[in-house]
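Residue strings, one per chain:
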Amino acid sequence: MKEYIISLDAGTTSIRAFLYDVAERKFVHRAQQEVASSFPHPGWVEQDASEIWFKAAYVLSDCLRAASGGKVMGIGVTNQRETVVCFDAATGEPVAPAIVWQCRRTSAFCASIPEEDAARIKEKCGLLPDAYFSASKIAWILQNVPAARKLKEEGRLRAGTVDSYLIYKLTEGKSFATDCTNASRTMLFNIRTLDWDDDLLAYFGVCRDMLPAVLPCDAVFGMAKLGKGEYPIAGVLGDQQAALFGQACVKEGDVKLTYGTGLFMLFSTGTQPVFSKSGLLTTVGSVYKGRTNYALEGSVFHAGSGVQWLRDELGLIENAAETERLALSVADTGGVFFVPAFTGLGAPYWNSEARGLISGISRGTRREHIVRAVLESIAYSARDLADCMEKDSGIPLTLVRCDGGACANNFLMQFQADVLGIPVDRPEERESTALGAALMCALALGLADEDIGSYRTSERVFAPSLDRTYFDGLYAQYLAAVRRALG
Ligand code: ADP
């Protein structure tokens with residue numbers, strides 16, 4: 001009988017489930033449901049946690065049907081990180097809309113955290129005080145939702161990230177648990193002791209008994225009840241960490257770069273956390289087989305969204321894929337540089353006042369030059385992060401593994417290799433996030449080798465140009481454009 005694992009990927013824009021054939025080592029079926037976000041005030045982003053749960057149950061059932069005749073051995077879970085769900089432990093009902101990671105409603109509070117407190121917080125949890133992380137979102141709900149406060153007094157309030165809420169619902173309330181990677185994004189978790197930190201809990205007014213139990217990624221988190229069946233939930237990681245694992249980046253110096261709406265670079269630093277002096281975050285990469293792997297993380301808010309802007313606002317292109325041909329139709333950008341600071345700049349600049357710009361326009365500038373400049377800006381943003389990672393860790397980068405929608409662009413991947421001066425390795429299976437959760441689940445259930453490198457195959461490796469001077473020169477011109485965007 002065929003053995004399968006279902007990988008549930010609860011993302012920000014959609015929830016997907018993938019059926020992984022254990023013996024064939026590949027996905028054989030997938031199901032997807034879009035998830036709505038609402039924007040009740042400028043800068044606010046909310047979702048309905050009940051919708052997340054219904055749609056998760058729907059895509060899981062779809063995969064179970066596709067597996068009929070075989071056996072589903074377990075379910076791995078990966079999810080949008082930081083997003084907070086508060087609910088009533090007695091009923092499982094959410095008490096407020098989920099506050100999504102993108103939501104900026106607590107930014108004034110986070111900006112008011114004094115520097116010495118920020119330093120102490122970073123030392124414990126590896127993060128910079130920012131509205132992005134879960135802690136200030138939970139604090140906001142406690143301050144602003146009377147029903148949540150009342151449930152807290154009665155000991156019935158539960159608060160957790162999306163994984164923990166789905167585990168609670170899937171196990172019919174028997175298990176309320178999260179994994180160390182999701183916990184490491186809350187700003188309440190001590191990344192050295194791998195436990196909730198009492199000092200951080202007190203700082204944000206959160207009680208330990210509201211929060212999920214924290215388990216290693218390869219634990220069994222509970223038994224999911226679906227239809228007449230019961231399936232172990234094993235293998236839980238936040239989405240970026242799942243991609244890191246799915247790309248088999250577990251050794252010190254291994255790096256993955258995800259090219260989606262934004263750009264996410266994770267650099268594995270081995271069993272020791274490295275604290276950044278350049279605006280990167282320190283995070284738990286994975287905890288399995290009794291070992292903790294740490295990572296440095298850099299996030300750039302806008303990457304593929306620049307390509308969407310070319311299509312939707314400027315009307316310069318009809319679809320994203322077309323940018324490859326257009327960029328290759330010119331020898332260079334003719335001196336044009338684009339800085340994608342639509343909503344400020346993330347790592348390593350952390351400047352919310354910066355705005356985008358196009359520089360170096362001449363009478364001969366054509367749409368091909370602008371399209372190419374937008375793609376090149378994605379590669380330069382990755383170079384910003386790579387330089388910080390090398391500086392912070394003291395480990396030279398030798399290769400990056402790529403995934404995400406825009407890694408399909410051959411021009412971009414070649415230019416990336418040229419700008420970084422190291423090879424860019426694209427995998428056969430580009431759904432690294434779903435693969436990471438499937439592999440962690442297989443490992444937890446004894447269905448995979450610990451050497452997960454053998455589960456990843458390269459589709460193409462882009463070798464860098466030998467002309468370092470030329471590409472370093474281009475990058476220096478990009479940095480000059482960034483300085484103007486900051487000014
Ligand atoms: P997310 O998970 O953030 O929704 P995806 O990984 O699905 O993102 O990638 C989608 C993004 O990649 C979009 O912003 C899109 O514009 C961009 N994209 C997709 N295909 C290409 C391509 N061939 N060239 C350049 N950009 C692309």
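Residues numbered from 1 in each chain as written. Predicted model: local features only at pLDDT ≥ 70, side-chain atom pairs only at ≥ 80, totals over all residues. Heavy atoms only, no water.

### Digging into the overall build of the protein
What counts here: Numbering of helices and strands runs from the N terminus, with a helix taken as a DSSP run of H or I at least four residues long and a strand as a DSSP run of E at least two residues long. Radius of gyration means the value over C-alpha atoms here, while the globule rule gives 2.2 Å times the residue count to the 0.38 power. In this scheme, a residue with accessible area under 20% of its type's maximum is buried, one over 50% is exposed, and one in between is partly exposed, where area comes from a 1.4 Å probe on protein chains only. Reported accessibility uses the Shrake-Rupley method at a 1.4 Å probe radius. Residues are deemed covered only where the shown protein chains occlude them. The charge count treats Lys and Arg as positive and Asp and Glu as negative. His and the chain ends do not count. In this description, the location of a charge corresponds to atom NZ of lysine, CZ of arginine, CG of aspartate or CD of glutamate.
For the protein, the count of helices and strands is 15 helices and 23 strands. A globule of 487 residues ought to have a C-alpha radius of gyration of about 23 Å, and the protein, at 22 Å, matches this closely. C-alpha extents for the protein along the principal axes are approximately 65 × 55 × 45 Å. Taking all 487 residues of the protein together, the buried fraction comes to 60%. Just so you have it, the protein exposes about 18,600 Å², and 51% of that area is on carbon and sulfur atoms. Here the protein contributes 49 positively and 58 negatively charged side chains, and the mean placements of these two sets differ by 1 Å.

### Thoughts on the site of the ligand
In plain terms, the rule: We call a residue near a molecule or strand whenever a single non-hydrogen atom of that residue lies within 4 Å of it. Polar contact criterion, stated in full: a pair of N or O atoms within 3.5 Å, where within protein one must be able to donate a hydrogen and the other to accept it, and residues adjacent in sequence count only if both atoms are side-chain atoms. Gly falls in the polar group here, along with every residue not listed as nonpolar (Ala, Val, Leu, Ile, Met, Phe, Trp, Tyr, Cys, Pro) or charged (Asp, Glu, Lys, Arg).
Taken together, 13 residues sit near the ligand, with Thr-261, Gly-304, Gln-308, Gly-405 and Asn-409 positioned nearest. A distance of 3.5 Å separates a nitrogen atom of the ligand from a polar atom in the backbone of Ala-320. Taken by itself the ligand offers 580 Å² of open surface, and the protein chains cover 68% of this. Among the elements that line the shell around the ligand, the one with the most residues is helix α10 (residues 304-312), at four residues. Residue composition of the shell around the ligand, by class: four nonpolar, nine polar and no charged.

### Some thoughts on the packing of helix α4 (residues 134-144) against helix α5 (residues 146-153)
Where we set the bar: Each axis is a line fitted through C-alpha atoms, and for a helix only the stretch in contact is used; angles between axes span 0 to 180 degrees, taken between their N-to-C directions. Working definition: roughly parallel below 35 degrees, roughly antiparallel above 145 degrees, roughly perpendicular at 65 to 115 degrees, and oblique for all remaining angles. Here, two residues are considered to be in contact whenever any of their heavy atoms come within 4.5 Å of each other.
Viewed as axis vectors pointing N to C, α4 and α5 meet at an angle of 95 degrees, and their least axial separation amounts to 5 Å. With respect to their mutual orientation, α4 and α5 come out roughly perpendicular. Counting all contacts with α4, which are made through Ile-141, Leu-142, Gln-143 and Asn-144, the residues of α5 involved are Pro-146, Ala-148, Arg-149 and Lys-152. Taken together, the residues of the contact of α4 with α5 sort by class into four nonpolar, two polar and two charged.

### Notes on the pattern of salt bridges
To keep it simple, the criterion reads: Put simply, a salt bridge is a Lys or Arg side-chain nitrogen that is within 4 Å of an Asp or Glu carboxyl oxygen.
This structure, assessed with the given rule, holds 38 salt bridges. The shortest N-O distance in the salt bridge between Glu-297 and Arg-185 comes to 3.1 Å. Placement of the pair is Glu-297 in strand β18 (residues 291-300) and Arg-185 in the loop between α7 (180-183) and β10 (189-190), with a sequence separation of 112 residues. Under the relative-accessibility criterion, Glu-297 is labelled buried at 1%. Ionic pairing is found between Arg-426 and Glu-459, a salt bridge with its closest N-O pair at 2.6 Å. Note that Arg-426 is positioned in strand β22 (residues 424-427) and Glu-459 in strand β23 (residues 458-462), a separation of 33 residues in sequence. Residue classification places Arg-426 among the buried residues on the basis of a relative accessible area of 3%. A cluster of three or more residues bridged by salt bridges with shared partners is formed by Arg-81, Glu-82, Arg-185, Asp-239 and Glu-297.

### What to know about the nonpolar core
The condition that has to hold: Nonpolar cores were defined as sets of buried Ala, Val, Leu, Ile, Met, Phe, Trp, Tyr and Cys residues, with membership established by side-chain atoms within 4.5 Å.
In this structure, Tyr-259, Leu-263, Met-265, Val-339 and Val-400 are the most contacted members of the largest nonpolar core, which totals 62 residues. Sort the elements by how many residues they give to this core and helix α12 (residues 367-393) lands first, with 13 residues. Setting aside chain neighbours within four positions, we find Val-339 in contact with Leu-345, Gly-356, Leu-357, Tyr-478, Ala-481, Val-482 and Ala-485. Counting 43 residues, the second-largest nonpolar core is a separate cluster that includes Leu-127, Ala-148, Phe-204 and Leu-281.

### Looking at the sheet that holds β23
Defined as follows: Two strands pair under a simple rule: DSSP has to find at least two bridges between them.
Strand order in the open sheet formed by seven strands is β17-β18-β16-β15-β21-β22-β23, and the pairing between neighbours is mixed. Edge positions in the sheet fall to β17 (281-288) and β23, since each of these pairs with one other strand and no more. With strand direction ignored, the average angle separating the axes of adjacent strands in the sheet is 30 degrees. Where strand β16 (residues 263-270) and β18 come together, seven bridges link them in antiparallel fashion. Opposite Gly-270, over in β18, you have Tyr-294 as the bridge partner.

### A look at helix α1 (residues 49-66)
Using the following cut-off: A helix's residues, less one, multiplied by 1.5 Å, set its expected span.
Under the 1.5 Å per step criterion, the end-to-end length of α1 is 26 Å for 18 residues, consistent within 8% with the ideal 26 Å. Where α1 begins, the side chain of Asp-48 points an oxygen toward the backbone nitrogen of Ser-50, at a separation of 2.9 Å.

### Side note on the state of the cysteines
To keep it simple, the criterion reads: When the sulfur atoms of two cysteines come within 2.5 Å, that pair is taken as a disulfide.
Going through the model one piece at a time under the given rule, you end up with zero disulfides. No disulfide involves Cys-86; its nearest neighbouring cysteine sulfur is the one of Cys-207, lying 12 Å away. For Cys-86, a relative accessible area of 2% gives the class buried. For Cys-217, which is in no disulfide, the shortest distance to another cysteine sulfur is to Cys-180 and amounts to 6.2 Å.

### A look at the sheet that holds strand β2 (residues 14-21)
If you trace the six strands from one edge of the open sheet to the other, you get β3-β2-β1-β5-β14-β13, paired in mixed fashion. Two strands in the sheet have a free side with no partner beyond their single neighbour: β3 (26-34) and β13 (220-226). In this sheet, adjacent strand axes meet at a mean angle of 25 degrees when their direction is disregarded. One ladder, built from eight bridges, connects β2 with β3; its direction is antiparallel. Within β3, the position partnered with Ala-17 by the bridge is Ala-31. Running over the sheet, helix α9 (residues 239-246) touches β5 (71-79) and β14 (229-238) and is turned about 90 degrees from β14.

### Considerations on the side chain of Asp-130
Among the secondary structure elements, Asp-130 is positioned in the loop between α3 (115-125) and α4. In this structure Asp-130 comes out as buried when scored by relative accessible area, which is 16%. Looking at Asp-130, its side chain comes within polar contact range of the side chain of Arg-104, at 2.9 Å.

### Some details on the environment of Ile-422
Mapped onto the elements, Ile-422 comes out in the loop between α13 (410-420) and β22. A relative accessible area of 10% places Ile-422 in the buried class. Between the C-alpha atom of Ile-422 and that of Leu-397, which follows or precedes it by 25 residues, the distance is 7.6 Å. Setting aside anything within four residues of it in sequence, one finds Ile-422 in contact with Leu-397, Thr-398, Leu-399, Val-400, Ala-417, Phe-462 and Pro-464.

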